[in-house]
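Notes for the structure review
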Amino acid sequence: MQLDGFRTTDSRKESLRAALARHGYATDDFEWILAEEPASGEPDPTGTVYVIYKPTGFRRMYEGAAWETEFEDDLINQIFKPLA
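In short, a report on the structure.

Procedures and definitions
Residues numbered from 1 in each chain as written. Predicted model: local features only at pLDDT ≥ 70, side-chain atom pairs only at ≥ 80, totals over all residues. Heavy atoms only, no water. Pairing = 2+ DSSP bridges. Helix = DSSP H or I, 4+ residues; strand = E, 2+ residues; numbered from the N terminus. Axes fitted to C-alpha atoms, helices over the stretch in contact; angles between N-to-C directions. Contact = heavy atoms within 4.5 Å. Phe/Tyr/Trp six-rings, centres within 6.5 Å; stacked < 30°, edge-to-face > 60°. Buried < 20%, exposed > 50% of the residue type's maximum accessible area, 1.4 Å probe, protein only. Lys NZ or Arg CZ within 6 Å of the ring centre and 35° of its normal.

Before going further, it helps to spend a moment on the sheet that holds strand β2 (residues 48-53). Ordered by their spatial adjacency, 3 strands build an open sheet running β1-β2-β3, and the pairing between neighbours is antiparallel. The open sheet terminates on both sides in strands that have one partner only, identified here as β1 (30-34) and β3 (58-63). Pairs of neighbouring strands in the sheet enclose a mean axial angle of 20°, with direction left out of account. Here β2 runs beside β3; their pairing, made up of 6 bridges, is antiparallel. Its bridge partner being in β3, Y50 is matched across the sheet by M61. This element, helix α2 (residues 67-76), spans β1, β2 and β3 of the sheet and lies at about 145° to β3.

In structure tokens, the structure reads:
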């Protein structure tokens, strides 16, 4: 699912968009998947999130409330970029 349809708060979506832009990635190159919908129905996932980098098919799993921080660390470390 594209980031716009991903079930999280608008402020988190904007933070993710900003992180992607800061590190040279396009939002459309990623797919965002919740392992399961939050029981509360709230749009603020704190469970398991899968992020797929479409150009390579690389998939990474994140868990917990601070998964966005781990995701940005991975962007900084360029784990989604193919090996040269």
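The next subject is the packing of aromatic side chains. By the definition in use, this model includes 14 aromatic pairs. Judged by centre distance (5.2 Å) and plane angle (85°), the ring pair of F30 and F80 falls under edge-to-face. Taken together, the positions of F30 in strand β1 and F80 in the segment after α2 put the pair 50 residues apart, joining distant regions of the chain. F80 matches F30 in its accessibility class, with the two residues each being buried. On the numbers, 6.1 Å between centres and 40° between planes, the contact of Y62 with W67 is tilted. An identical accessibility class is assigned to Y62 and W67; each is buried. Grouped by ring-pair contacts, the aromatic residues Y25, F30, W32, Y53, F58, Y62, W67, F71 and F80 constitute a single cluster. In this arrangement the basic side chain of K81 is found over the ring face of Y25, its NZ or CZ atom lying 4.5 Å from the centre.

The backbone of Q78 shows a phi angle near 55°, a positive value even though the residue is not glycine. Among the secondary structure elements, Q78 is positioned in the segment after α2. A relative accessible area of 48% means that Q78 is categorised as partly exposed.

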